[in-house]
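# Architecture and fold: a report
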Amino acid sequence: MLDEVVDWVVEAEQVAVLTGAGVSTASGIPDFRGPNGLWTREPEAERLSSIDAYVSDPEVRREAWQRRAAIDPSAIRPNPAHYALAELEQLGRLHMLVTQNVDGLHLDAGTSPERLVEIHGTARAAACLSCGDRQPMEAVLERVRAGEADPRCDGCGGLVKSATISFGQALEPTELQRAHDAAVGCDLMITVGTSLVVYPVAMLPQTAQEAGARLVVINAEETPYDGRADAVVRGDAGEVLTAIVAGVRDRLG
Ligand code: NAD
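Note that the coordinates shown come from a computational prediction; the quantities given were computed from them, not determined experimentally.

Next up on the list: the site of the ligand. Inspection of the region around the ligand gives 26 residues, with Arg33, Gln100, His120, Ser195 and Glu221 positioned closest. In this structure, an oxygen atom belonging to the ligand sits 2.8 Å away from a main-chain N or O atom of Ala21. For the ligand, a nitrogen atom lies 3.1 Å from a polar atom in the backbone of Ala220. Protein chains bury 93% of the 850 Å² of accessible surface belonging to the ligand in isolation.

This is the structure in structure tokens:
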């Protein structure tokens, strides 16, 4: 099965990859819906990802900031899955990478910003929900660690949140367009480490297939696309991607 996927990667004109939280679990960041997922273990944590709860409930904001401030960013590094995708780009075999992840690890691993769509934003920045002013996340976290439980915008006093798309928030139209263009323009789409249930991103494999692309699904668990994919690889994102990229490297000599 992997040999066939390697053939498809080598032969495709445009390869698009769609990643989800499963690509970063090996870096120590839990996904939401996997067996050790944040929401699987702690269903009430789902509230922390809702924009309505964030805006209306100061307790939700305080908890979101406390959880974020407790993380040591230097302990979170890319894993073999991120590095394999960066190498695939270097080999000229990855044209667009759309990620639902907000952790910035694809950039850390060396994926080029022009080939990356962070469709759900980034947790490396914070933005004011009123005036849109952005600042580095670390600058806000320093204020939280110094005692500000619910930091406000310096400029307008508005609520500040990580520059990520929470449930109930609209996606950035330009990023959504880039992701859509990647799906329409590819002839091979590979999804990795995503449950493919969060819309509108979960539409992208269907969009790619309707435009004529092959679809490969790599995930630890079943996804709603398994029945219609050209290949389904059940396994660990890092191991499977490393094996595919090694095969591509060999084939390209
Ligand atoms: P999800 O939690 O819905 O699904 C993750 C999938 O990955 C699961 O099906 C799980 O079985 C699989 N998985 C976990 N570890 C794996 C591994 N090592 N190898 C292969 N598969 C593995 O995640 P999603 O589909 O990305 O959607 C959740 C939303 O949550 C996204 O919108 C994303 O923005 C956000 N999120 C991001 C992060 C992050 O930035 N790292 C973490 C959690 C959630």
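Summed over the entire model, instances satisfying the criterion amount to 0 disulfides. Among the cysteines around Cys128, which has no disulfide bond, Cys156 carries the closest sulfur, lying 3.5 Å off. The thiol sulfur of Cys153 is not disulfide-bonded, and the nearest other cysteine sulfur, from Cys131, lies at 3.7 Å.

Now for the pattern of salt bridges. If you walk through the whole model with that rule in mind, you get 14 salt bridges. With a closest N to O distance of 2.2 Å, Asp7 and Arg251 form a salt bridge. You can see Asp7 sitting in helix 1 (residues 2-11) and its partner Arg251 sitting in helix 10 (residues 237-252), a full 244 residues away along the chain. When its relative accessible area of 27% is taken as the criterion, Asp7 is described as partly exposed. Note on Arg251: relative accessible area 43%, which makes it partly exposed. A salt bridge links Arg143 to Glu148; the shortest N-O distance between them is 2.9 Å. Owing to a relative accessible area of 17%, Arg143 belongs among the buried residues under this scheme. For Glu148, a relative accessible area of 32% puts it in the partly exposed group. Connected through salt bridges with shared partners, the residues Arg61, Asp150 and Arg152 form a single ionic network.

This part is about the pairing of strand 8 (residues 214-219). Successive side chains on a regular strand alternate, one facing one side of the sheet and the next facing the other. With 5 of its 6 residues buried, strand 8 lies for the most part within the structure. Once the chain exits strand 7 (residues 188-192) it traverses helix 9 (residues 204-210) before rejoining the sheet at strand 8, and the crossover so formed is right-handed.

Take the nonpolar core next. Across soluble globular proteins, you tend to see nonpolar side chains buried next to one another. One finds Ile190 and Ile218 to be the most contacted residues of the largest nonpolar core, which totals 29 residues. Of all the elements in the fold, those that place two or more residues in this core are helix 1, strand 1 (15-19), helix 5 (80-90), strand 7, strand 8, strand 9 (231-234) and helix 10. Membership of the second largest hydrophobic core comes to 21 residues, among which are Val117, Ala179, Tyr225 and Ala229.

The next subject is the sheet that holds strand 1. Taken together, 6 strands build an open sheet; the order of strands is 3-2-1-7-8-9 and the sheet is parallel. Two strands bound the open sheet, and with one partner strand each, they are strand 3 (116-118) and strand 9. Pairwise comparison of adjacent strand axes, ignoring direction, gives a mean angle of 15° for this sheet. Summarising the sheet, strand 1 and strand 2 (residues 96-99) pair through 4 bridges and their orientation is parallel. Opposite Val17, over in strand 2, you have Leu97 as the bridge partner. Against the sheet, helix 10 touches strand 7, strand 8 and strand 9, its axis set at about 135° to strand 8.

Calculation rules
- Residues numbered from 1 in each chain as written.
- Predicted model: local features only at pLDDT ≥ 70, side-chain atom pairs only at ≥ 80, totals over all residues.
- Heavy atoms only, no water.
- Near = heavy atom within 4 Å.
- Polar contact = N/O pair within 3.5 Å; in protein donor to acceptor, adjacent residues only side chain to side chain.
- Areas by Shrake-Rupley, 256 points an atom, 1.4 Å probe, with all protein chains shown as cover.
- Disulfide = S-S within 2.5 Å.
- Salt bridge = Lys/Arg side-chain N within 4 Å of Asp/Glu carboxyl O.
- Helix = DSSP H or I, 4+ residues; strand = E, 2+ residues; numbered from the N terminus.
- Buried < 20%, exposed > 50% of the residue type's maximum accessible area, 1.4 Å probe, protein only.
- Right-handed = clockwise from strand over helix to strand, strands pointing away.
- Core = buried A, V, L, I, M, F, W, Y, C linked by side-chain atoms within 4.5 Å.
- Pairing = 2+ DSSP bridges.
- Axes fitted to C-alpha atoms, helices over the stretch in contact; angles between N-to-C directions.
- Contact = heavy atoms within 4.5 Å.

Note that all results are geometric; they support no functional claim without further evidence.
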